[in-house]
Structures are given as structure tokens and as C-alpha cells.
Amino acid sequence: MELCSFLTLDSFITDPLTHGFMRKALLMSSLVAAVCGFLSSYLTLKGWALMGDAVSHSVMPGVVVAYALGLPFSLGAFIFGVGSVALIGFIKQKSRVKEDTVIGLVFTGFFALGVVLVSKIKSNIDLHSILFGSPLGISLSDVKQTIFISLLVVILLSIFRKDLMLYCFDPRHAKTVGINVFFLHYLLLTCLSLAAVVGLQSVGIILVVAMLITPGATAYLLTDKFDSMTVISVLSAIISSLIGIYVSFWFDLETGGSIVLAQTFIFLFAFLFAPRYGIFKLKKLFAGYK
Amino acid sequence: METINYQNFRIEAENICVDYNGKVALYDANLRLKPGQICGLVGMNGAGKTTFFNALTGFVNISKGKIRINGESVRSAQKDQTIAYVPQNEGIDSQFPISVWDVVMMGRYGSMNIFRSPRESDVQAVKDAIERVDLTDHLSTPIGNLSGGQRKRTFLARAIAQRASILLLDEPFSGVDIRTEKLISELFIQFKNEGKTILLSTHDMIHVREFCDLVLLINKTVVAYGETSEVFTPENITTTFGGISPDFLFGPES
């Protein structure tokens, strides 16, 4: 806190920008936040929070194997992300075990496999940065991958924006009018896996699910329009990333955790003060003064 | 306007079976409906009413039998926007952040380009449909702020905007106000005159007598099918509802 006392707001913002790694971290985290925030509206409306948790944890062994083989880590993560979902679907269909149990069972299995692999493959894999993210230490090849994947997800979501909304809202109607529901299901899963892959660089595997659900949940409390929900979700995700990185820089805190905490605080704010759906309903409070 | 041949069948379902992972939901079910016919689908909860709808729309695959819609496959019926499904109120997420206008516009998605950008004709179709269900004052109202009856009318408008020739309605009269009930029954008469084919499921026996030319009584399979006046007998109803007497089902007012 002493550090802060002689700082003006101006230097609070500009000082970190003199460091190349900070500029890179701010840019990349904002990009990742925007992608996850965009997807977040769909996941929260579809009720796929647990699925997001599952996919993001399941990519762990993929990341480890890809590193060990010298492949792009996004490739390994993607294969295991989609694979976990396929396995969940298969076990659910072929057994009497309930879906949430199957999800929990599969993703912890994958995650454990990843942890074991890390301990066995003694390479230069930094377990800590996989688990908790390392936006400040992102390499150039990772930057390229992140930009490529982010653009891909944004383009896919933009093209199929309305179809995905219909799929989340009323899949039966989608099917009835000849829209390929099977394709949309796997499109959403693919985007989820890809977003988890880029998200884990910012906040790590353990917290990436927050990037995928918190912004959407916040936006859901603030609007009744789908388009505004997407915009609010993206904005709140970006703002959280910026706040998280600045705060972690000045107070020497874990960056990933700071970003997610910022998101959580924004959600709590919406939860308490959202105009229509907040506990204290700001509109009513103001109306009282008029 | 396309010319309607009233002698051809709109819906032909022959010996259809549906099972979910080996559990039989519907077996050996038959149905034939022509243009301008209104048919009631009556049965207990879990008797296979929704499954029947799902089979006709292609939402579930049939394991046996054959379905023809206007003489063609279910797949081409989907492509041609032939069937519209109006869900029961419980079947949709009423808290979804979407307006009346956007829901009705979804009726046009199947005939739009890949980005689903509305043409002028789509906008007009949506406007007209919303006017027919008397919701013009609620164009941009989120569906969460509507009453049960208004929400039901929104989904009816979606079916109208789709310009489907077959309407499947799941419990169209449950949880609606008197005004909506009256509006729906007026629409049914208009639909009939336009040559549309309607299949509706209902718990309410009075509505069957009032609207339905034909009735299909099911309990996992067809118990009875035919003209309402002939088939809708106390004996058949009792069989459909597993031995419960129709007096109990009709309630005191009938």
C-alpha cells in the first residue's frame, strides 16, 4: 500500500506500460478475455458450466504430451478437450450413472493423468504455469498460437451467432426447420475446447472455467437482450483482465488469481446492484429519491 | 398461394416405433392426416405424446416404421419448413434473454441465408404473424416479462411466420388466460380454412370435443383412432387412461 501513496493514477496506468512483457500481457490477456467472454454468454445460457470445467481440466494431459513431443500445445489440448466430451457422452449413454457424476469422474481422471505425466516426463514443463497461468511470461510462439486460435473462435462464433443462440434456446425448433443441430453442438464444444486452451495461458487450467462462465453470468444479471449480453460479457471480461494484471503488477500478486478475482468482484457488484435482477435493484433505490 | 390437394395425406405414420436406449416409448403407432384436419392427441403423461411429436419433427429417430410428410421424408419436410412445433410453456427457458420479435424471427431462420440476416419479406412475415396473435404492443418485450398466455401466443406467431402447413402443438391450452384461449380457437378455425393440418396434444377432454375432427388415443401405442364422435367414447378413454373412469377425468362441469 505504501507503494501506492506516491503514485498518481496516471503513473499507476502508464508505468507498467514501459515494460515490454507488461504490454504483451495486457494485450494477450484482453484478447483471451474477449474470446472467453464471447463464448461465455452461450455457455451460461446453455447450462454448460460443468462442461466448461470438465473440458478445461481435461486438456491437461494433452498439454503435457504436446510439450514432450515438441508439438503445439494447443493441438494436444484440443484433442484431449474434445476427447473428454466424447468419452463423457459415451459413458453416459452406455451406463446408468448420472451425467454430472460421469462429468466429474472423467475430467478428474484426465486431470490426474496430466499431473502424473508431468511428474514422469522430466522436461522443462513448468507445472505451476500450466496450473495457474503465466500471462507475464508468454513466449512469441505462444503469442502467435493464441492470436490464431482467438481469431478462429471469434470468426466461428460470429458466423453462427444466431444459430447458436437458437440452439441454446430451442434445439427442437432448430431441428424442425432443418438446421443441423449435431453440427452446432460440436461447434460449441470445439469453441469451448479452443477457448479453454487460450484461456489457460492467462489464468491457468484450474481457473480457466471462471473466464468461461463468470462474464456470462454477470451479463445475464444486467440485461434481457442477447446481443447486449454478449457485449457486456466481453467488456467485463476485458476490464477484469486489465484490472487483474495491473493489480498483480503493483502489489506483486499472482496474476491469474487476480484476474479471476476481479471478475468475481464485478459479478458480486452486479448481483447486489443490477437494475432489475440485483438484490438491491438500483432502479428502485433511485426511484425513491425522485 | 400453393394449391392444396385435399385428398393427399399430409402426415402418414406407419407402424412407427421409438425407443430410448432400449426403453420403448412408442410402438406400432399409425396416423394419417389430410389438409384441413385437426386431430387431438390424447394420453396419459408418459404415454408417448411428446415422443410422437419428436418423431414427426425428426428430433428423435424412429427405430421401425415409416413417416411420410406430404409424401416425402422427414428430412425434406425439415428443409421445406413444412412442420412447425409449438412447445408447451414448461418446455422453454422463459428467462432466456430474448424478445418476442426475436423468437418469432426464429420461425424464418430455416429459409434465410447462413448469417440469418432478415430480408424485407422476413420482417413482413414476422410483423404479420405478431399482429395475428395480437402482440404488436410487445414487440421488444423480453419473453420473461410475458404472461403464460402471451408466451404461448409468441410461439404460435413463430409457427405462423414459418408458414408451415403442419402445426404440432404440445398442450396449447395449458396455463393460458381466457383471452388467449379464445384467440387460439379463432386461429384454429382460420388455419383449418387455410388447409393447414393440426395435431395437438391436450389433457382437456372438452377441447377435444370442441375443436378436433379426429382423435388419436395413445398409451405407448394407438388405443383408438378415428372421427371424434365415433372414437371418443367413455370405454376408449378409460382404456387409454389405464382404467380410470371418464367421469373422473372430465370433472364435474361436464
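Structure report, in brief. Since the structure is predicted, the reported quantities are computational estimates derived from the model, not experimental observations. (Residues numbered from 1 in each chain as written. Chains lettered and ligands numbered in written order. Predicted model: local features only at pLDDT ≥ 70, side-chain atom pairs only at ≥ 80, totals over all residues. Heavy atoms only, no water.)

## Overview of the packing of helix 4 (residues 120–132) of chain B against helix 5 (residues 148–162) of chain B
All names here are of chain B. Running from N to C, helix 4 and helix 5 point in directions that differ by 135°, and their axes come no closer than 8 Å. If you check the angle between helix 4 and helix 5, you find them oblique. At the point where helix 4 passes helix 5, the crossing takes the right-handed sense. Contacts between helix 4 and helix 5 pair A125, V126, A129, I130 and R132 from the former with A157, I160 and A161 from the latter. The class makeup of the residues in the contact of helix 4 with helix 5 is seven nonpolar, no polar and one charged. (Axes fitted to C-alpha atoms, helices over the stretch in contact; angles between N-to-C directions. Helix = DSSP H or I, 4+ residues; strand = E, 2+ residues; numbered from the N terminus. Parallel < 35°, antiparallel > 145°, perpendicular 65-115°, else oblique. Left-handed = near helix turned anticlockwise from the far one by under 90°. Contact = heavy atoms within 4.5 Å. Nonpolar A, V, L, I, M, F, W, Y, C, P; charged D, E, K, R; others polar.)

## Describing the interface of chain A and chain B
Opposite the 26 residues of chain A that make contact, chain B presents 34 residues. Counting the surface lost from both chain A and chain B, the interface buries some 2700 Å², and carbon and sulfur atoms represent 60% of this. Together, F169, R172 and T176 of chain A form the three largest contributors to the area buried by chain A at its contact with chain B, with a combined 28%. Summed over the shared surface of chain A and chain B, the result is two salt bridges. At the boundary of chain A and chain B, one finds 11 residue pairs in polar contact (both at pLDDT 80 or more). Among the elements of the structure, helix 10 (161–169), helix 11 (171–176) and helix 13 (226–251) of chain A are those that each provide at least two residues to the side of chain A that touches chain B. The leading source of residues in the side of chain A that touches chain B is helix 10 of chain A, at six residues. Here the side of chain A that touches chain B is built from residues that sort into 13 nonpolar, five polar and eight charged. (Buried area = accessible area lost by both parts, 1.4 Å probe. Salt bridge = Lys/Arg side-chain N within 4 Å of Asp/Glu carboxyl O. Polar contact = N/O pair within 3.5 Å; in protein donor to acceptor, adjacent residues only side chain to side chain.)

## A few points about the environment of V181 of chain A
All names here are of chain A. Take V181: it is sitting in helix 12 (residues 181–222). V181 sits in the buried class, given a relative accessible area of 14%. For the pair V181 and F251, spaced 70 residues apart in sequence, the C-alpha separation works out to 48 Å. With sequence-adjacent residues up to four places away left out, V181 is seen in contact with Y167, P171, A174 and K175. (Buried < 20%, exposed > 50% of the residue type's maximum accessible area, 1.4 Å probe, protein only.)

## Thoughts on the packing of aromatic side chains
Per the counting criterion, the structure on display carries 18 aromatic pairs over all chains. Taking the centre distance of 5.2 Å and the plane angle of 90° together, the rings of F249 of chain A and W250 of chain A count as edge-to-face. Judged by relative accessible area, F249 of chain A falls into the partly exposed class, the value being 25%. With centroids separated by 5.6 Å and ring planes inclined at 90°, the aromatic side chains of F188 of chain B and F211 of chain B adopt a geometry described as edge-to-face. Taken as a pair, F188 of chain B in helix 6 (residues 178–193) and F211 of chain B in helix 7 (residues 205–211) lie far apart in primary sequence, 23 residues in all. Taken individually, F188 of chain B and F211 of chain B each receive the classification buried, so the pair is uniform in this respect. Taking NZ or CZ as reference, K46 of chain A lies 4.1 Å from the ring centre of Y167 of chain A, over its face. One residue, R172 of chain A, lies across the ring of F59 of chain B, its end atom 5.3 Å from the ring centre. (Phe/Tyr/Trp six-rings, centres within 6.5 Å; stacked < 30°, edge-to-face > 60°. Lys NZ or Arg CZ within 6 Å of the ring centre and 35° of its normal.)

## Notes on helix 6 of chain B
Residue and element names in this part refer to chain B. Helix length check: helix 6 (16 residues) gives 23 Å between terminal C-alpha atoms against 22 Å at 1.5 Å per residue, within 8%. Check the buried side of helix 6 and you find it contacts strand 3 (38–42), helix 4, helix 5, strand 6 (166–170), strand 7 (197–201) and helix 7. G195 occupies a position one or two residues after helix 6 and carries a positive phi of about 85°. (Expected span 1.5 Å × (residues − 1).)

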